[in-house]
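Chains, contacts and geometry: an overview
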Amino acid sequence: MEKQEMNIEEAFDALENLVEKMESGEASLEETFLMYQKGMELLKECSNKIDMVEKKMMLLNENGELHEF
């Protein structure tokens, strides 16, 4: 089964949920570490998505046409 890619809003929601779980103090140290790892992966994914959008925005010409980068 193929992994479905999250959009940026879904990734930020997932990050927010992880932070809430970690702040609750109810997770074990091992669970907290795994949540931290997942959070770092989500942050990297968000950063990559934002970079792609920024590149596309910079390539719009005066007519609003997108050019390949």
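An account of the accompanying structure is given in this report. Computed from a predicted structure; not experimentally measured.

What counts, and at which threshold
- Residues numbered from 1 in each chain as written.
- Predicted model: local features only at pLDDT ≥ 70, side-chain atom pairs only at ≥ 80, totals over all residues.
- Heavy atoms only, no water.
- Helix = DSSP H or I, 4+ residues; strand = E, 2+ residues; numbered from the N terminus.
- Buried < 20%, exposed > 50% of the residue type's maximum accessible area, 1.4 Å probe, protein only.
- Contact = heavy atoms within 4.5 Å.
- Patch = residues over 30% accessible without salt bridge, like charges linked within 9 Å, V, L, I, M, F, W, Y side chains within 5 Å.
- Areas by Shrake-Rupley, 256 points an atom, 1.4 Å probe, with all protein chains shown as cover.
- Salt bridge = Lys/Arg side-chain N within 4 Å of Asp/Glu carboxyl O.
- Lys, Arg positive; Asp, Glu negative; His and termini not counted.
- Charge placed at Lys NZ, Arg CZ, Asp CG, Glu CD.
- Expected span 1.5 Å × (residues − 1).
- Arc of directions from axis to C-beta.
- Core = buried A, V, L, I, M, F, W, Y, C linked by side-chain atoms within 4.5 Å.

1. A look at the overall build of the chain
A tally of helices and strands in the chain yields two helices and zero strands. Looking at the 69 residues of the chain, the share that counts as buried comes to 14%. Restricting the contact set of the chain to residue pairs at least 6 apart, pairs at least 24 apart contribute 49%.

2. Details of the environment of Leu43
Mapped onto the elements of the fold, Leu43 is located in helix 2 (residues 29-58). Residues Leu43 and Phe12, 31 residues apart in the sequence, show an inter-C-alpha distance of 8.2 Å.

3. A word on a negative patch on the surface
A cluster of like negative charges, contributed by Glu9, Glu10, Asp13, Glu16, Glu20 and Glu23, occupies part of the molecular surface. The residue Glu16 is located in helix 1 (residues 8-24) in this model.

4. Focus on a nonpolar patch on the surface
Together, Met22, Phe33, Leu34, Tyr36, Met40 and Leu43 line one region of the surface with nonpolar side chains, adding up to about 570 Å² of accessible area. Ranked by residue count, the leading element in the nonpolar patch is helix 2, at five residues. Note on placement: Phe33 falls in helix 2.

5. Examining the side chain of Lys49
One can find Lys49 in helix 2. Sequence-distant contacts of Lys49, defined by excluding residues within four places in its chain, comprise Glu5, Met6, Asn7 and Ile8.

6. What about helix 1?
Helix length check: helix 1, at 17 residues, gives a terminal C-alpha distance of 24 Å against a target of 24 Å (1.5 Å per residue), a fit within 8%. For helix 1, the full list of buried residues reads Ala11, Ala14, Leu15 and Leu18. Down the axis of helix 1, the smallest arc covering the buried residues is 100°, so these residues share one side. Residues of helix 1 that are exposed and point more than 90 degrees away from the buried face comprise Glu9 and Glu23. One or two steps after helix 1, the chain reaches Gly25, where phi turns positive at roughly 75°.

7. Some thoughts on the nonpolar core
Counting residues in hydrophobic clusters, the biggest one holds seven residues: Ala11, Ala14, Leu15, Leu18, Met35, Leu42 and Cys46. Breaking this core down by element, the ones donating at least two residues are helix 1 and helix 2. Counting residues per element, this core draws most heavily on helix 1, which supplies four residues. Those residues in contact with Ala11 that sit more than four places away from it in its chain are Met6, Leu42 and Cys46.

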